[in-house]
Amino acid sequence: MKIAFDCDGVLGNDGVDEIRQLAQTLKMVGWEIYILTSVPTSWKGTNQREKMLDELFPGFAYRVVYTDGHIEAGKAKAKEMKELGINLIIDDTEDVCKAIKAEGIQVLHLLK
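Residues numbered from 1 in each chain as written. Predicted model: local features only at pLDDT ≥ 70, side-chain atom pairs only at ≥ 80, totals over all residues. Heavy atoms only, no water.

A.B. asks: Lay out the pattern of salt bridges with the relevant residues and their values.
C.D. replies: Counted according to the given criterion, the structure contains 8 salt bridges. Lys98 serves as the salt-bridge partner of Glu94, at 3.2 Å between the closest nitrogen and oxygen. Of this pair, Glu94 and Lys98 are both found in helix α5 (residues 94-102), 4 residues apart, which corresponds to roughly one turn of the helix. Using a relative accessible area of 43% as the deciding quantity, one classes Glu94 as partly exposed. Because the salt bridges share partners, they merge into one network encompassing Asp6, Lys77 and Asp91. (Salt bridge = Lys/Arg side-chain N within 4 Å of Asp/Glu carboxyl O. Helix = DSSP H or I, 4+ residues; strand = E, 2+ residues; numbered from the N terminus. Buried < 20%, exposed > 50% of the residue type's maximum accessible area, 1.4 Å probe, protein only.)

A.B. asks: Account for α5, with residues named and values stated.
C.D. replies: When we look at burial in α5, the residues that qualify are Val96, Cys97, Ala99 and Ile100. Burial along α5 is one-sided: seen end-on, the buried residues are contained in an arc of 165°. The exposed set on the far side of α5, more than 90 degrees from its buried face, consists of Lys98, Lys101 and Ala102. Of the surrounding secondary structure, the elements contacted by the buried residues of α5 are α4 (70-84), β4 (88-91) and β5 (106-109). The positive-phi residue at the C-terminal boundary of α5 is Gly104, with phi of around 85°. (Arc of directions from axis to C-beta. Contact = heavy atoms within 4.5 Å.)

A.B. asks: Explain the nonpolar core to me, using residue names and the numbers behind them.
C.D. replies: With 19 residues, the main nonpolar core has Ile3, Phe5, Val10, Leu11, Ile19, Ile33 and Ile35 as its most contacted residues. For this core, the secondary-structure elements that each account for two or more residues are β1 (2-5), α1 (7-11), α2 (17-28), β2 (32-39) and β4. Not counting the four nearest positions on each side in its chain, Ile33 is found in contact with Ile3, Phe5, Ala23, Leu26, Lys27, Phe60 and Ala61. Tyr34, Ile86, Ile89 and Val96 belong to the second-largest nonpolar core, a separate cluster that totals 12 residues. (Core = buried A, V, L, I, M, F, W, Y, C linked by side-chain atoms within 4.5 Å.)

Here's what the structure looks like:
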């Protein structure tokens, strides 16, 4: 089984400890865990997000999508998920969740 987690607000430094524990547990029992994060296009080529993910989540697969705006981020995340065969994501941004769901992918909207 494959699942994606958003970074900011879900798994990252400002994330939720219980969600990080869930990701670790699912990984231990054989799930494929992906961190799927969106950052502004101005970050492209800086590798800022990639470096942070490598430090915080060694051994986790990730994809960084570069977009400006939540709806575009949701569409870009949905595209990546379809390519990777992932059919579930946990995300905390309402507009992103709606855009992903509109693409036919299951979303768990993390409300904090």
